[in-house]
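Residues per chain, in single letters:
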Amino acid sequence: MADKGARGGLFGAGGRFKGGTDPIMEKFNESIGFDKRMWAQDIRGSIAYAKSTQKVGILTADESASIISGLERVHKEWESGTFELKPGDEDIHTANERRLTEIIGPLGGKLHTGRSRNDQVATDTRLWIVEAERDILKDLGTLLAASSEFAREHIDVLMAGYTHLQPAQPIRFAHWLMSHMAALTRDAQRLQELIPRANQCPLGSGALAGNAFGVDRDFLASELGFEGVTSNSLDSVCDRDFVVEFLMWHSLLLTHLSQFAEDLIINNMLKCVDMDDAYATGSSLMPQKKNPDALELLRGKAGVALGRSVGLMATLKGLPRAYNKDLQEDKVPLFDAVDTVKDCLAIATGVIVTMKPNPKMLLKALCPEMLATDLADYLVRKGVPFRETHHISGACVRLAEEQEVSIDTLTLEQLQKIDARFEEDVLKIWDYEQSVERKSSIGGTSKARVLEQIQSCIEFAGSL
């Protein structure tokens, strides 16, 4: 066991505790190793709180100025990399307060009047996550804009569209790429919706019951750039909905990036798209290998992301009101999630702007049978009900299969034996470009409609 004097930092022996803490417990309990990432937010919150306690007479103007000056010195030390962590710095809050007291003396002990680490950590985390979410929106904007420009550059390239991984209908390569950008656009919209809920000020809630000195919480919210204040002090100190929402959001974003990666892995395997060497690796044994590791890692991150969100939900589900130490476990998944999202967006952007679609191989993947629906539509335009034309076109497909020929080689005579309403102009159906141009409704794969999607995405990206 530890010596009686081993309990360090701001919570040493002599107050509630007469003995020391087991060194294993000190290590088990501390969070400074990861929550030091919030050093800037913690200092911002403390400066605002010093101003608020001056307003209610707890601090004089000189005392407030001294504390703020000391906190600014602490900020410079963190910024320059000279801040020195010491034994007993359990978390970022105690580390900053300890250093402040070293700089300005016992006056530093007045800063925490009426404040708890419960509302302090909630404030820091909200400040941190809102900044991170706004940064991520900018990264998403970069990805969306770059991908849209890439799609416009390759607007005339056609490719096979698939359902059930079976050849379905011809589409534009740009249409395929913009389909993934549509999902990422929704992700950006959802993230925008999260920010106002996260951007609420819990400072002034105390440990759970509220602040005993009547600090102006609206003033604190304004000083810190929050959009409002939280409504209930009990809930304020234990609410981690904003963390859960972000974790759920990032699991969906990474699911969308995983789907994109899988599509690209398949097209890379078929030589329809060439990946740049910067995002591929080789084999330790086989000299010819060029593995799409960047894409495989994008795909793999989605499973870990889901684990983070489920893990924190499981931690929260049995917690009583109000603050419990279990809530310390929100930081690592949150920080990891933000880092992973930013890395994945950067990688995805790099992959897209450097990849090279291979028009020849993409065209080779097209097959005339993919125009069977166009054949059915041909008769629809002559007034035949679609359910009937569907069977007629299916019979044409079966005939081609039985004769082991491509459907586009069937003669007019053969087609008319199946249905006499086929006329000579039916032979014009076998044109991939005309097929995609016929899909001209909003959101379709015609050139004009894809260009609309591209422009819309570029404009949205510019607003982020």
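Note that the coordinates shown come from a computational prediction; the quantities given were computed from them, not determined experimentally.

1. Quick word on helix H3 (residues 39-55)
Part 1 of the argument: Here H3 spans 25 Å end to end across 17 residues, near enough to the 24 Å set by a 1.5 Å rise per residue.
Part 2 of the argument: Taken across its 17 residues, H3 has 13 buried, putting it largely inside the fold.
Part 3 of the argument: Among the residues trailing H3, Gly-57 stands out with phi positive, at a value near 90°.

2. Quick look at the pattern of salt bridges
Part 1 of the argument: Tallied over the entire structure, the rule returns 32 salt bridges.
Part 2 of the argument: When the shortest N-O distance is used, the salt bridge between Arg-240 and Asp-330 registers 2.9 Å. Of this pair, Arg-240 sits in the loop between helix H9 (233-238) and helix H10 (241-269) while Asp-330 is found in the loop between helix H11 (293-316) and helix H12 (331-354), placing the two residues 90 residues apart along the sequence. Judged on exposure class, the residue Arg-240 and its partner Asp-330 are both buried.
Part 3 of the argument: Look at the salt bridges and you will find they share partners, linking Glu-77, Lys-86, Asp-89, Arg-98, Arg-99 and Glu-102 into a network.

3. Some remarks on the packing of aromatic side chains
Part 1 of the argument: Evaluation of the coordinates by the stated rule reveals 8 aromatic pairs.
Part 2 of the argument: Here the aromatic rings of Phe-173 and Trp-176 are separated by 5.4 Å at their centres, their planes lie at 40°, and the arrangement is tilted. Of this pair, Phe-173 and Trp-176 both sit in helix H7 (residues 173-198), separated by 3 residues, roughly a single helical turn. Across the pair, Trp-176 and Phe-173 agree in class, each one buried.
Part 3 of the argument: Through a chain of ring-to-ring contacts, three or more aromatic side chains come together here, namely Phe-150, Phe-173, Trp-176 and Phe-260.
Part 4 of the argument: In this arrangement the basic side chain of Lys-55 is found over the ring face of Phe-219, its NZ or CZ atom lying 4.9 Å from the centre.

4. Focus: the layout of surface pockets
Over the atoms rolls a probe the size of a water molecule, and in doing so it shows where empty space is left.
Part 1 of the argument: Here the largest pocket is characterised by a volume of approximately 370 Å³.
Part 2 of the argument: What lines the largest pocket is a set of 14 residues, among which Ala-160, Gly-161, Tyr-162, Trp-176 and Asp-263 lie closest to the centre.
Part 3 of the argument: Within the residue set of the lining of the largest pocket, elements represented by two or more residues are strand E1 (158-163), H7 and H10.
Part 4 of the argument: The residue inventory of the lining of the largest pocket, partitioned by class, reads 8 nonpolar, 5 polar and 1 charged.

5. Quick look at the confidence of the model for the chain
Part 1 of the argument: The predicted model of the chain has a mean per-residue pLDDT of 95, with 96% of residues at 70 or higher.
Part 2 of the argument: Contacts of residues 1-7 to residues separated by more than four positions or lying in other chains number 19 contacts, the stretch itself having pLDDT below 50.

Here is what the cut-offs are and how they apply
- Residues numbered from 1 in each chain as written.
- Predicted model: local features only at pLDDT ≥ 70, side-chain atom pairs only at ≥ 80, totals over all residues.
- Heavy atoms only, no water.
- Helix = DSSP H or I, 4+ residues; strand = E, 2+ residues; numbered from the N terminus.
- Expected span 1.5 Å × (residues − 1).
- Buried < 20%, exposed > 50% of the residue type's maximum accessible area, 1.4 Å probe, protein only.
- Salt bridge = Lys/Arg side-chain N within 4 Å of Asp/Glu carboxyl O.
- Phe/Tyr/Trp six-rings, centres within 6.5 Å; stacked < 30°, edge-to-face > 60°.
- Lys NZ or Arg CZ within 6 Å of the ring centre and 35° of its normal.
- 1 Å grid on protein atoms, 1.4 Å probe; cavity = no way out; pocket = protein on both sides within 12 Å on 5 of 7 lines; lining within 4 Å.
- Points joined across faces, edges and corners; volume = space filled by probe spheres on them.
- Nonpolar A, V, L, I, M, F, W, Y, C, P; charged D, E, K, R; others polar.
- pLDDT = per-residue confidence, 0-100.
- Contact = heavy atoms within 4.5 Å.

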